[in-house]
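Residue-level structure breakdown
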Amino acid sequence: MTTAPVRYLVVPTADAADGAQSARFGDKTLLWVPADQHLGRASRTAPGLLLVTQVGRSFQDDYPDVTPLLDRGRHLVISSADKPRRRSNNCWRVEHLRAGTTIVDTPIVSAARADPAVAALVGELSPASYQSDLTWLASLPTRHSLSTTFTQAMDFAADRMVALGYTVSRMPITVGAGHSANLIGDRAGTGSTRGLVIVTAHLDSINIAGGPAAAAPGADDNGSGSAGVLELGRLLSTRSWQHDVRLILFGGEEEGLFGSKQYVAALPPAERSRVRAVLNMDMIATKNTAMPTVLLEGAPVSSSQMTALATAASTYTGLKVETSLNPFASDHVPFINAGVPAVLTIEGADSANGHIHSANDTLNFIDWSLAAEILRMNIAALAGWLELAAAVRPRPAGSVVSWGPDRLDVFAVGMDSALYHKAFDGSWHDYESLGGVVLS
């Protein structure tokens, strides 16, 4: 921790030098040494260094006179001389900056060989359907958790889930002294031993300055994620899966994660142990960077899920991926705190979005193509976690199939009577089992 005066310097990560303490923020690294040591002509001094994690520009809006020493979107570094009296609220958190940490990483992820079945599912994403749902949600005057229009939004989403074949229920929750609800849609898998994959977003919106009755269209925060749950739910309903799917739209997120905290607290241990992944979407539709970017935020418990999402992005989208193991202020956090693998997918560098939590969070600032790319990444990862049911696997037309230049698939029956597949796309891949039993 940086509790003594320091001399600090922000450099490109590629130029980070040995011998100094450091914290990495993607393509930038903050270096520091004791204040009486030399660090370079451009270095400056500070009494200490603090890390701020924020939603939107919430900390900067609350403290406009504080100049960050480093601004990396969701994460800031400030001088301890500017430490606020409060350590956190629902929208930002302040803590000591620790040496040797990577706050934001920009991993280099190689694309995997595209799975034709997954590619077909990704190709069925409907930007028009997503746009229609988000437009309707953002047309409501507010989706404050205690408002009648929040109930209207939940009714709308429930009708959509029922039409897609989900079994729908509502979980009552308390939000402060008031009452709201979570919406839950379930669809059973076909496997004999079934895990559970959960897709979540918060349905509520808020106008912090104006109060509960003020306009809060919440287009990006979080109509974008809620409409995303409905679109992914639609895509998942078109296939049979080995594992169970659960869609959840939470209430009470903006006031302090009430819906997700109460849901996780009520989840029986046996049900927790079935969870293969929780995919949370919160603010996926405002482009804050020149290149379309997504931040995957999780924890060590969800590192394999983050890797799967990053690989899906590289294979099926043009997204730049950033990662962080510094979870904060969205509905993935209660799951992570309970040891359940959960990941937040959120637009990159989200602090550039200064419209949230106000009447200005409207469709005018939505980037439909960014949202579609994030949804393509998400559906590809979900397909891997859920696993297509064996009954819908395509049957080869012969033992050897060529489907393009330098593209060859070989199918063979193993000693266990299961079907095996080997592929050539310029180099040979190992055999993979397609399961099942081939009868003579």
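Read on for a plain summary of the structure. Since we're looking at a predicted model, the values are computed, not measured. (Residues numbered from 1 in each chain as written. Predicted model: local features only at pLDDT ≥ 70, side-chain atom pairs only at ≥ 80, totals over all residues. Heavy atoms only, no water.)

Some words on the overall build of the chain
As a reminder, the rule being used: The numbering of helices and of strands both runs from the N terminus, where a helix is a DSSP run of H or I of at least 4 residues and a strand a run of E of at least 2. Throughout, radius of gyration means the C-alpha value; the globule benchmark is 2.2 Å times the number of residues raised to the power 0.38. To sort residues, take the accessible area from a 1.4 Å probe on protein chains only and compare it with the maximum for the residue type: under 20% means buried, over 50% means exposed, and anything in between is partly exposed. We call two residues in contact when some of their heavy atoms are within 4.5 Å. For every accessible area listed, the method is Shrake-Rupley and the probe measures 1.4 Å; residues are considered covered only by the protein chains on display. Only four residue types enter the tally: Lys and Arg on the positive side, Asp and Glu on the negative side; His and the chain ends are excluded. Positions of charges follow a simple convention, taking NZ of Lys, CZ of Arg, CG of Asp or CD of Glu.
Assigned secondary structure in the chain consists of 10 helices and 21 strands. In summary, the chain has a C-alpha radius of gyration of 23 Å against a globular reference of 22 Å for 440 residues, a match within 12%. Reported as C-alpha extents along the three principal axes, the dimensions of the chain are approximately 80 × 55 × 40 Å. Counting only residues that meet the buried cut, the chain has 52% of its 440 residues in that class. Residue pairs at least 24 apart in sequence account for 75% of intrachain contacts in the chain once pairs closer than 6 positions are excluded. Working note: accessible area of the chain is about 18,700 Å², and carbon and sulfur atoms make up 53% of it. Seen as two clouds, the 34 positive and the 42 negative side-chain charges of the chain have centres 3 Å apart.

Focus on the sheet that holds strand β9 (residues 101-104)
The line we're drawing: Here, any two strands with at least 2 DSSP bridges between them count as paired. Interaxial angle, 0 to 180 degrees, is taken between N-to-C directions of lines fitted to C-alpha atoms, where a helix line uses only the stretch in contact.
Pairing is mixed in the open sheet, where five strands are placed in the order β4-β1-β3-β2-β9. The outermost strands of the open sheet, each flanked by one partner alone, are β4 (44-46) and β9. Within the sheet, the average angular offset between the axes of one strand and its neighbour, ignoring direction, is 30 degrees. Alignment of strand β2 (residues 21-25) against strand β3 (residues 28-34), held across five bridges, turns out to be antiparallel. Directly across from Gln21, in β3, lies its bridge partner Trp32.

Points about the environment of Ala20
Position of Ala20 relative to the elements: it lies in the loop between β1 (6-12) and β2. By relative accessible area, which is 22% here, Ala20 ends up partly exposed. The sequence separation of Ala20 and Leu31 amounts to 11 residues, and the corresponding C-alpha distance is 5.9 Å. If we ignore the near neighbours within four places in the chain, the residues touching Ala20 are Leu31, Trp32, Val33 and Leu39.

Here we look at unusual backbone geometry
Across the junction of Asp221 and Asn222, the peptide omega takes the value 5 degrees, indicating a cis bond. Of note, Met283 is a non-glycine position whose phi angle comes to about 70 degrees, a positive value. Structurally, Met283 can be placed in the loop between β14 (275-281) and β15 (293-297). Judged by relative accessible area, Met283 falls into the buried class, the value being 1%. Phi angles above zero are rare outside glycine, and Glu387 is one such case at about 65 degrees.

Describing the environment of Tyr130
The criterion, for reference: Whenever a nitrogen or oxygen atom comes within 3.5 Å of another N or O atom, the pair is scored as a polar contact, on the condition that within protein one atom can donate a hydrogen and the other can accept it, and that pairs from neighbouring residues in sequence are kept only if both atoms are in side chains.
Examined against the element boundaries, Tyr130 turns out to sit in helix α3 (residues 127-139). On a C-alpha basis, the gap between Tyr130 and Trp368 in space is 8.9 Å, while along the polypeptide they are 238 residues apart. Contact partners of Tyr130, with chain neighbours within four places excluded, come to Ser224, Ala227, Gly228, Glu231, Ile284, Ala285, Trp368, Ala371 and Leu375. A distance of 2.8 Å separates a polar atom in the side chain of Tyr130 from the backbone oxygen of Ser224.

Notes on helix α8 (residues 303-316)
Operational definition: Any helix carries an expected span of 1.5 Å times its number of residues minus one.
Between its first and last C-alpha atoms α8 spans 20 Å; for 14 residues at 1.5 Å apiece the expected length is 20 Å, and the two agree. When α8 is considered as a whole, its buried residues turn out to be Gln305, Met306, Leu309, Ala310, Ala312, Ala313, Thr315 and Tyr316. Check the buried side of α8 and you find it contacts α2 (116-123), β14, β15, β16 (320-324), β17 (342-347) and α10 (368-386).

A short note on the nonpolar core
Going by this rule: Take the buried residues of types Ala, Val, Leu, Ile, Met, Phe, Trp, Tyr and Cys, join any two whose side-chain atoms come within 4.5 Å, and each joined set is a nonpolar core.
Ranked by internal contacts, the top residues of the largest apolar core, which has 66 residues, are Leu232, Leu296, Met377 and Leu382. At 13 residues, the largest contribution of residues to this core is made by α10.

Examining the sheet that holds strand β10 (residues 167-175)
Strand order in the open sheet made by the eight strands is β10-β11-β13-β12-β14-β17-β15-β16, with mixed pairing throughout. A single partner strand is all that each edge strand has here, and the edge strands are β10 and β16. Along the sheet, successive strands turn relative to each other by an average axial angle of 20 degrees, direction set aside. Judged from the five bridges that link them, β15 and β16 form a sheet pairing that is parallel. Within β16, the position partnered with Glu297 by the bridge is Ser324. In this fold helix α5 (residues 219-236) packs onto β11 (178-187), β12 (196-202), β13 (244-250), β14 and β17, with an angle of close to 150 degrees to the strand it touches most, β12.

With respect to the pairing of β11
Burial analysis of β11 places seven of its 10 residues in the buried class, which makes it a mostly covered element. By the bridge criterion, nine bridges tie β10 to β11 in an arrangement that is antiparallel. In the sheet register, Pro172 faces β11, and the bridge partner there is Ala181. Between β10 and β11, which pair antiparallel in sequence order, lie two residues; one of them, Gly176, sits at a positive phi of approximately 65 degrees.

Observations concerning the side chain of His75
In this structure, His75 sits in strand β7 (residues 75-79). Looking at His75, the relative accessible area reads 1%, which means it is buried. In this structure His75 touches Phe25, Leu51, Val52, Thr53, Leu70, Ile103, Val104, Ser324 and Asn326, once residues within four positions along its chain are discounted.

Points about the pattern of salt bridges
Once their charged atoms are close, side chains differing in charge can pair, the charge on each being opposite to the other. The criterion, for reference: Salt-bridge detection follows one rule: a side-chain nitrogen of Lys or Arg within 4 Å of a carboxyl oxygen of Asp or Glu.
For the structure shown, the criterion picks out 16 salt bridges. Among the salt bridges present, the one from Arg239 reaches Glu124, with a minimum N-O distance of 2.9 Å. Of this pair, Arg239 sits in the loop between α5 and β13 while Glu124 sits in the loop between α2 and α3, placing them 115 residues apart in sequence. The exposure class of Arg239 is buried, given its relative accessible area of 18%. Of the charged contacts in the structure, one is a salt bridge between Glu231 and Arg234, with a shortest N-O distance of 2.7 Å. Of this pair, Glu231 and Arg234 are both found in helix α5, three residues apart, which corresponds to roughly one turn of the helix.

Regarding the packing of α2 against α10
Threshold: Angles are sorted into four bins: roughly parallel if under 35 degrees, roughly antiparallel if over 145, roughly perpendicular if 65 to 115, and oblique for all others. With the far helix as reference, a near helix turned anticlockwise by less than a right angle produces a left-handed crossing, and one turned clockwise produces a right-handed crossing. Gly is put with the polar residues, along with every residue not named as nonpolar or charged; the nonpolar set is Ala, Val, Leu, Ile, Met, Phe, Trp, Tyr, Cys and Pro, and the charged set is Asp, Glu, Lys and Arg.
Closest axis-to-axis distance for the α2/α10 pair is 9 Å, and the angle between their directions is 140 degrees. Relative to α10, α2 is oriented oblique. Both α2 and α10 take part in a crossing whose hand is right-handed. Contact residues: Val118, Leu121 and Val122 in α2; Arg376, Ile379, Ala380 and Ala383 in α10. Per-class residue counts for the contact of α2 with α10 are six nonpolar, no polar and one charged.

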